Amino acid sequence: MSQSDNTELLSQVRNGDRQALAKAITVIENTGLPFEINESAGAQVIGITGAPGVGKSTTVDALIKLLRERNFSVAVLAVDPSSPISGGALLGDRIRLTDHFTDSKVFIRSLATRGHLGGLSASTKAVLQLVKTAKFDFIIVETVGVGQSEVEVMRVVDTVLVVLAPGMGDGIQASKAGLLEIGDIYLVNKSDREGADQTAQDISRSIEMSPPKTVAGKPWIPPVLLGAMQNGTGVVELMDGIERHRNG
Ligand SMILES: Nc1nc2c(ncn2[C@@H]2O[C@H](COP(=O)(O)OP(=O)(O)O)[C@@H](O)[C@H]2O)c(=O)[nH]1
Ligand SMILES: [Mg+2]
């Protein structure tokens, strides 16, 4: 693609053309060339991370549903080598429901995990910068919180949501993975299962020992929420927490 092709494509992305956005992401994935973008976005970027299987994609699905009910637009970038978005039943349904070029309010994209930009975090950051120009109200980035590059991606989002589940990714595991330092909000998902309260207590105790956080200069104590995203239980409280974190 020539420079002028790229300029044209980028202006289509800025004008809300979702096909152009999909194409531009593919350009980044295939060529490794980020677009020249200088503007910053109005979108709130939510990063969701946590061990495989805790319910991150299910949480994304519940958030999409809620955001659409509130008439917000949302873009989702899924960086999860262990469960490609097309393989997840819930998000698969969601894609089938919304994969119309006429519904420009939801955009879901699974990202290739091996790019040309020197790894996962570089290509994800380049794609995120692009999506930010496309004027969504919210952008959600789902990564598996196991490696340094995923933690790096979480450093460039506005609000980091760490998802845990009883019996999986308990306090000690989460702490080893560096998750207890990066969370702005913690969600203990699968509260319909035994042990969720205990997990929430463990996490609360562990984050008390983490370095203090601030939002807009004010101290921020990361809330530890309980929920069962499969049934949508707790999703309103989760969204409240996300909005409070933006507003401080
Ligand atoms: N019992 C229960 N299972 C859930 C809940 N949320 C998700 N799951 C299940 O947990 C599994 C993993 O969910 P998924 O969202 O793919 O996890 P991810 O790997 O973190 O993205 C799936 O079988 C979900 O149906 C919940 O609230 N309760
Ligand atoms: Mg997933």
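For the structure, check the block above.
Rules behind the numbers
- Residues numbered from 1 in each chain as written.
- Chains lettered and ligands numbered in written order.
- Predicted model: local features only at pLDDT ≥ 70, side-chain atom pairs only at ≥ 80, totals over all residues.
- Heavy atoms only, no water.
- Helix = DSSP H or I, 4+ residues; strand = E, 2+ residues; numbered from the N terminus.
- Expected span 1.5 Å × (residues − 1).
- Buried < 20%, exposed > 50% of the residue type's maximum accessible area, 1.4 Å probe, protein only.
- Arc of directions from axis to C-beta.
- Contact = heavy atoms within 4.5 Å.
- Pairing = 2+ DSSP bridges.
- Axes fitted to C-alpha atoms, helices over the stretch in contact; angles between N-to-C directions.
- Salt bridge = Lys/Arg side-chain N within 4 Å of Asp/Glu carboxyl O.
- Core = buried A, V, L, I, M, F, W, Y, C linked by side-chain atoms within 4.5 Å.
- Phe/Tyr/Trp six-rings, centres within 6.5 Å; stacked < 30°, edge-to-face > 60°.
- Near = heavy atom within 4 Å.
- Polar contact = N/O pair within 3.5 Å; in protein donor to acceptor, adjacent residues only side chain to side chain.
- Areas by Shrake-Rupley, 256 points an atom, 1.4 Å probe, with all protein chains shown as cover.
- Nonpolar A, V, L, I, M, F, W, Y, C, P; charged D, E, K, R; others polar.

A. Expanded view of helix H1 (residues 3-14). Between its first and last C-alpha atoms H1 spans 17 Å; for 12 residues at 1.5 Å apiece the expected length is 16 Å, and the two agree. For H1, the full list of buried residues reads Asn6, Leu9, Leu10 and Val13. For H1, the angular spread of the buried residues around the axis is 100°, confining them to a single face. The positive-phi residue at the C-terminal boundary of H1 is Gly16, with phi of around 90°.

B. Spotlight on the side chain of Ser73. Along the chain, the position of Ser73 falls in the loop between helix H3 (56-69) and strand E2 (74-79). Taking the relative accessible area as the measure of exposure, Ser73 reaches 6% and is therefore buried. Not counting residues up to four positions away in its chain, the partners in contact with Ser73 are Lys105, Lys135, Phe136, Asp137 and Phe138.

C. Structural view of the sheet that holds strand E6 (residues 185-188). Spatially, the seven strands line up as an open sheet ordered E3-E2-E4-E1-E5-E6-E9, and their pairing is parallel. Strand pairing shows two members of the sheet lacking a second neighbour, strand E3 (106-110) and strand E9 (224-226), which therefore form its edges. Each adjacent strand pair in this sheet contributes to an overall mean axis angle of 20°, direction not counted. As judged from the five bridges shared by strand E1 (residues 44-49) and strand E4 (residues 138-143), these two strands associate in the parallel manner. Its bridge partner lying in E4, Gly47 is registered against Val141. Helix H10 (residues 235-247) rests against E1, E4, strand E5 (159-164), E6 and E9 of the sheet, and its axis sits at about 170° to E6.

D. How the structure looks around the pattern of salt bridges. Taken as a whole and judged by the stated rule, the model has two salt bridges. Here Arg109 ties to Glu29 by a salt bridge, and the two come within 2.8 Å at their closest N and O atoms. A residue pair is termed long-range when its members are at least 10 positions apart, and Arg109 in strand E3 and Glu29 in helix H2 (residues 18-31) qualify at 80 residues. The class for Glu29 is buried, based on a relative accessible area of 17%.

E. Region of interest: H10. Given a rise of 1.5 Å per residue, 13 residues ought to cover 18 Å, and the 18 Å separating the end C-alpha atoms of H10 matches this to within 8%. Taken together, the buried positions of H10 are occupied by Val235, Leu238, Met239, Gly241, Ile242 and His245. Taken down its axis, H10 places every buried residue within 155° of arc, on the same side. Backbone geometry just downstream of H10 places Gly248 in the positive-phi region, at approximately 75°.

F. Here's a closer look at the nonpolar core. One finds Leu21, Ile25, Phe35, Leu130, Val131 and Ile139 to be the most contacted residues of the largest nonpolar core, which totals 40 residues. At six residues, the largest contribution of residues to this core is made by H2. When neighbours within four sequence positions are excluded, Leu21 is seen to be in contact with Val13, Phe107, Leu130, Val131, Ala134 and Phe136. Core analysis: the second largest hydrophobic core is formed by 29 residues, Ile48, Leu66, Val163 and Leu225 among them.

G. How the structure looks around the packing of aromatic side chains. Using the criterion set out here, one finds two aromatic pairs in the structure. A centroid spacing of 5.3 Å and a plane angle of 80° characterise the contact between Phe72 and Phe138, whose relative ring orientation is edge-to-face. Pair noted here: Phe72 is in the loop between H3 and E2 and Phe138 is in strand E4, with a separation of 66 residues, a long-range link. For Phe72, a relative accessible area of 26% gives the class partly exposed. Between Phe107 and Phe136, the aromatic rings sit 6.3 Å apart at their centres with planes inclined by 45°, giving tilted as the arrangement. On the criterion of sequence distance, the pair formed by Phe107 in strand E3 and Phe136 in the loop between helix H5 (120-132) and E4 is long-range, its members being 29 residues apart. Phe136 matches Phe107 in its accessibility class, with the two residues each being buried.

H. Inspection of the site of ligand 1 at higher detail. For ligand 1, the set of nearby residues contains 16 residues, the closest of which are Gly53, Lys56, Thr58, Asp192 and Gln230. A distance of 3.3 Å separates an oxygen atom of ligand 1 from a polar atom in the side chain of Glu142. Taking 590 Å² as the accessible area of ligand 1 by itself, protein coverage stands at 77%. Among the elements that make up the shell around ligand 1, the one with the highest residue count is H3 (three residues). Class assignment of the residues belonging to the shell around ligand 1 gives a composition of five nonpolar, six polar and five charged.

These figures capture arrangement, not role.
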